[in-house]
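# Notes for the structure review
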Amino acid sequence: MKSTQYVAREPDESGFIRYGDAEHQVWNTLITRQLKVVEGRACQEYLDGIDQLGLPLERIPQLGEINQVLQSATGWRVARVPALIPFQTFFELLASQQFPVATFIRTPEELDYLQEPDIFHEIFGHCPLLTNPWFAEFTHTYGKLGLKASKEERVYLARLYWMTIEFGLVDTSQGRKIYGGGILSSPKETVYCLSDEPEHQPFSALEAMRTPYRIDILQPLYFVLPELKHLFDLAHEDIMALVHRAMQLGLHAPKFPPKAA
């Protein structure tokens, strides 16, 4: 596991997490800016989730507020975690319908991009779609598969997660839209991903698992679902058979330069 400068906030004895004014200000800047950027670009299921969550603009929400909405919608809840967690913990949480949320927020110096998933990324990027039963079912299934998978299999599953839950696009009757949380929490990538610059490919779980990625660049390739319900259908396919097929076939050549040493 990589190290991080960020430290997750601990709750007090009543479960309340206290943040400073500067941290609430960062949340306010991020959410007010990003709500404008995702308008007309996010899929309707995500926007419906944003409406259901009713996220505050002026302060960082408490996890209990998020849980109230998620539990009544799909049975999910969020779980407080440190800044970075092992794969094993990640899969254990998803398998028990808990989405990990690191309880820190980025500094003003890293407003536009940070490598660690902070509370804004997790709550604004991912939680809205956890109100959707199709997305919730896929995420739950993914966690259960990851829990049983070997270290080698998990690497292929990680690529599937990256190309769907983090950086997925979907075709809708209103045009091509975004559902990936890694995109929806990034102002730059939200605009870039729907432009003519990156490559778009029809979604294939097998191809997604064979596609290398880098976490520190704008993605050169996005996979496009035919509809969001496709995730629910995928959850009921033999995903591990696809993992083993991807392992046999091996990786595609990367579409990006190697990271500088």
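Before going into details, it helps to say that this report is about the structure given with it. Keep in mind it's a predicted model, so treat the numbers as computed, not measured. Per chain, residue numbering runs from 1 following the sequence as it is written. The predicted origin of the model limits local features to residues at a pLDDT of at least 70 and limits the giving and counting of side-chain atom pairs to 80 or more, whereas totals for whole chains, interfaces and linings rest on all residues. Only heavy atoms go into the side-chain values, all of them from the structure, while hydrogens and water stay out.

## A few points about the packing of helix 4 (residues 87-95) against helix 6 (residues 133-148)
The axes of two packed helices give the description: the angle between them and the distance between them. With their axes 7 Å apart at the nearest point, helix 4 and helix 6 run at an angle of 135° to one another. Considering the angle they form, helix 4 stands oblique to helix 6. In this structure, the crossing between helix 4 and helix 6 has a hand that is left-handed. For the pair helix 4 and helix 6, contact is made by Gln88, Phe90, Phe91, Glu92, Leu94 and Ala95 and by Thr139, His140, Tyr142, Gly143, Lys144, Gly146 and Leu147, respectively. We call Asp, Glu, Lys and Arg charged. Ala, Val, Leu, Ile, Met, Phe, Trp, Tyr, Cys and Pro are nonpolar, and the rest, Gly among them, are polar. Considering only residue class, the contact of helix 4 with helix 6 consists of six nonpolar, five polar and two charged. Between N-to-C directions, angles cover 0 to 180 degrees, with each direction set by a line fitted to C-alpha atoms, over the stretch in contact for helices. Labels follow the DSSP assignment, with helices taken as runs of H or I lasting at least four residues and strands as runs of E lasting at least two, numbered in each case from the N terminus. Roughly parallel covers angles under 35 degrees, roughly antiparallel covers those over 145, roughly perpendicular covers 65 to 115, and oblique covers all other angles. Crossing handedness is read from the near helix: turned anticlockwise from the far helix by less than a right angle, it gives a left-handed crossing, and turned clockwise, a right-handed one. Any two residues whose heavy atoms approach within 4.5 Å at even a single point are treated as in contact.

## Overview of the pairing of strand 6 (residues 221-225)
In terms of burial, strand 6 is a largely internal element, five of the five residues being buried. Buried, partly exposed and exposed residues are distinguished by accessible area as a fraction of the type maximum, computed with a 1.4 Å probe on protein chains only: under 20%, between the cut-offs, and over 50%, respectively. Here strand 6 shows no split at all, with Leu221, Phe223 and Leu225 on one side and Tyr222 and Val224 on the other all buried. Pairing analysis gives two bridges linking strand 3 (residues 169-172) to strand 6, with the strands arranged parallel. When the sheet's bridge partners are listed, valine 170 is paired in strand 6 with leucine 225. At least two bridges found by DSSP between two strands is the condition for calling them paired. In terms of strand pairing, strand 5 (residues 199-202) meets strand 6 through four bridges, oriented parallel. Each bridged residue has a counterpart across the sheet, and for glutamate 199 the counterpart in strand 6 is leucine 221.

## As for the pattern of salt bridges
Take a side-chain nitrogen of Lys or Arg and a carboxyl oxygen of Asp or Glu: if they are within 4 Å of each other, that pair is a salt bridge. Enumeration according to the criterion identifies 13 salt bridges in this entry. Among the salt bridges present, the one from arginine 18 reaches aspartate 12, with a minimum N-O distance of 3.6 Å. Among the residues examined, arginine 18 registers a relative accessible area of 55% and is labelled exposed. Linking arginine 59 and glutamate 58 is a salt bridge whose minimum nitrogen-to-oxygen distance equals 3.8 Å. Several salt bridges share partner residues, and in doing so they unite Glu58, Arg59 and Glu65 into one network.

## Focus on the environment of arginine 106
Note on placement: arginine 106 falls in the loop between strand 2 (98-102) and helix 5 (119-126). Between the C-alpha atoms of arginine 106 and arginine 9, which are 97 residues apart in sequence, the distance is 12 Å. Apart from the residues within four sequence positions on either side, arginine 106 is in contact with Tyr6, Val26, Leu30, Leu111, Asp112, Tyr113, Leu114, Asp118, Phe120 and His121. Polar contacts involving the side chain of arginine 106 include one to the side chain of aspartate 118, which spans 2.8 Å. In the analysis that follows, any N or O atom pair within 3.5 Å is treated as a polar contact, provided that within protein one partner can donate a hydrogen and the other can accept it, and provided that, for residues neighboring in sequence, both atoms belong to side chains.

## Notes on helix 6
Under the convention used throughout, the expected extent of a helix is 1.5 Å for every residue step, that is, one less than its residue count. For helix 6, spanning 16 residues, the distance from its first C-alpha to its last is 23 Å, which sits close to the expected 22 Å at 1.5 Å a residue. Among all positions in helix 6, only Phe135, Ala136, Phe138, Thr139, His140, Thr141, Tyr142, Gly143 and Gly146 are buried. Summarising the contacts, the buried residues of helix 6 are in contact with helix 4, helix 5, helix 7 (151-166), helix 11 (229-235) and helix 12 (239-249). Two or three places before tryptophan 134, at the start of helix 6, stands the capping residue asparagine 132, its side-chain oxygen 2.9 Å from that residue's backbone nitrogen.

## As for helix 2 (residues 44-53)
Along an α-helix, a turn takes 3.6 residues, which lines up residues three or four apart on a common side. For helix 2, the full list of buried residues reads Tyr46, Gly49, Ile50 and Leu53. Across the axial projection of helix 2, the buried residues extend over an arc of 105°, all falling on one side. On the buried face of helix 2, the contacting elements are helix 1 (21-38), helix 3 (63-73), helix 5 and helix 8 (181-184). Looking one or two places after helix 2, you find glycine 54, whose phi comes out positive at around 55°. Directions are taken from the helix axis to each C-beta atom, and the arc is the one they span.

## Structural notes on the packing of aromatic side chains
Ring pairs are drawn from Phe, Tyr and Trp, using the six-membered ring of Trp, whenever the two centres fall within 6.5 Å, and their geometry is named by plane angle: stacked under 30 degrees, edge-to-face over 60, tilted for the rest. Under the counting rule described, the total for this entry stands at 14 aromatic pairs. Here phenylalanine 91 and tyrosine 142 contribute two aromatic rings whose centre-to-centre distance is 5.6 Å and whose plane-to-plane angle is 40°, an arrangement assigned as tilted. One end of the pair, phenylalanine 91, is in helix 4; the other, tyrosine 142, is in helix 6, with 51 residues separating them in the sequence. The rings of Phe87, Phe90, Phe91, Phe138, Tyr142 and Tyr161 are connected pair by pair, giving a single aromatic cluster.

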